[in-house]
Amino acid sequence: MPGSFQPLTGIGQVVAPGAQDALGTAFLVSADHALTALHCVAPLTSAPGGHTTGTSDIVLRFPSPDAGNLELPAYVIRSDAQLDIALLRLARPAPAHLLPVPLGPAAKPHQHYRAVGFAAANWGVHRSVVTGTISGHTRRAEDGAPVITLFCDQAAAGLALSGLSGGPVLAGRPERAVGVVRWQQPDGTHPHLATGGTFYATPTRDVAARMPELSTGAQQRRSPLLRGPAFWMSLWLAILVVTAVVVVPYIISMIREPSPDSFSISVGDEIGPDRPGAGAGEIEDDEAEDIYTFRTQEDGATVRVRISDCSNTFEPDLEIKGGGKEYRPIEYSDCDSFNIGPGPHEAAVTLGAAGSYRITVNSPCKLMDLALSDCAGTYRLTVSE
């Protein structure tokens, strides 16, 4: 498919100022921001917990076989130790030829991927690329952090993956970053190799959920037309096109934007398409969401949440809020092959004080502002004791 593979120019190395050896990989998500693994930049930061005081104590190096190395100073503006993620701001915008990597929806089991970075070992190539199959989603035993499990053909054949940490895991057509490379479990006999040819990545969906800078506007690069001599002609043509093609349909779409479908339920109710009411059990488009409100009678009540029978490859996002807390017992389930908790797409969650709780089910594309085939669909939901 033409244009389906992501250009790799926006993927660079993390280095200390003045140093030659790389500490890991990073990739642009906009002209001003980049993502990497927190453990790659932690030795360079000037404050505890992976944050900095705003000084440019990190350098992103973008090697080019034709133009040499381009180095851009950067610093950490947000980090998450559980996800092992650092969001960097560049001291100056990246040039136009360094293309940001778009973030994508949840990785799907059995989906093919390629992970890109700069291996510490000398592979004899300009940029390191590994390929394989996404095994599925799981959580770290240590802290419950969500991770993607990836089988790697090259690792299984004996190549060391060290240095790829912080790089993107690209999947789908067109390619998008579905994960950020995190770690490999060292082999007992050869610690520099991955056990079973497997490594792990942090889902970009979870990263975006915790970092507001990665919402809709953070991944937009200003148009190259603004930098060229044809700016005014381009602006005039753009105004004509936008007025004729975009403005009127946009106004109409704003008028038609649906409000959430809201329903009151009781623990034990079964929810499905148009049950308990019209609009239930269905996400109509990438902006739609369903809200179900229920009450608990006792403090610390435990409920079981089960979501199933999703149409197509729809991946609903589900959260529970109440008592000033937020719970995510099931995240980004494709309802066919993603297991979390006991049984398929089912998990127990212990709530707080007795009272009202709200379950929100929305499109997987709402957070990421995407328009893909799996943005809408039907589902069944059960909340039981």
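Scroll up for the structure.
My aim in this report is to walk through the structure given alongside it, one point at a time. (Residues numbered from 1 in each chain as written. Predicted model: local features only at pLDDT ≥ 70, side-chain atom pairs only at ≥ 80, totals over all residues. Heavy atoms only, no water.)

Here we take up the nonpolar core. One finds Tyr292, Ile320, Ile359 and Leu381 to be the most contacted residues of the largest nonpolar core, which totals 23 residues. Broken down by secondary-structure element, the contributors of at least two residues to this core are strand S16 (289-296), strand S17 (302-308), strand S18 (317-322), strand S21 (355-362) and strand S23 (380-384). Aside from chain neighbours lying at most four places away, what touches Ile359 is Asp290, Ile291, Tyr292, Phe294, Leu318, Glu319, Ile320, Leu381 and Val383. (Core = buried A, V, L, I, M, F, W, Y, C linked by side-chain atoms within 4.5 Å. Buried < 20%, exposed > 50% of the residue type's maximum accessible area, 1.4 Å probe, protein only. Helix = DSSP H or I, 4+ residues; strand = E, 2+ residues; numbered from the N terminus. Contact = heavy atoms within 4.5 Å.)

Right, let's talk about the pattern of salt bridges for a bit. For the structure shown, the criterion picks out 7 salt bridges. The salt bridge partner of Glu213 is Arg78, with a shortest N-O separation of 3.0 Å. One end of the pair, Glu213, is in the loop between helix H3 (204-210) and helix H4 (231-256); the other, Arg78, is in strand S5 (residues 68-80), with 135 residues separating them in the sequence. Exposure remark for Glu213: the relative accessible area of 19% places this residue in the buried category. Relative accessible area serves as the criterion here: at 29%, Arg78 is assigned to the partly exposed category. (Salt bridge = Lys/Arg side-chain N within 4 Å of Asp/Glu carboxyl O.)

Within strand S4 (residues 58-64), 6 of the 7 residues are buried, which leaves it mostly tucked inside the rest of the structure. Here strand S1 (residues 11-15) pairs with S4 via 3 bridges, running antiparallel. When the bridges of S4 are listed, Gln13 appears paired with Arg61. One ladder, built from 7 bridges, connects S4 with S5; its direction is antiparallel. Paired with Val59 across the bridge in S5 is Pro73. (Pairing = 2+ DSSP bridges.)

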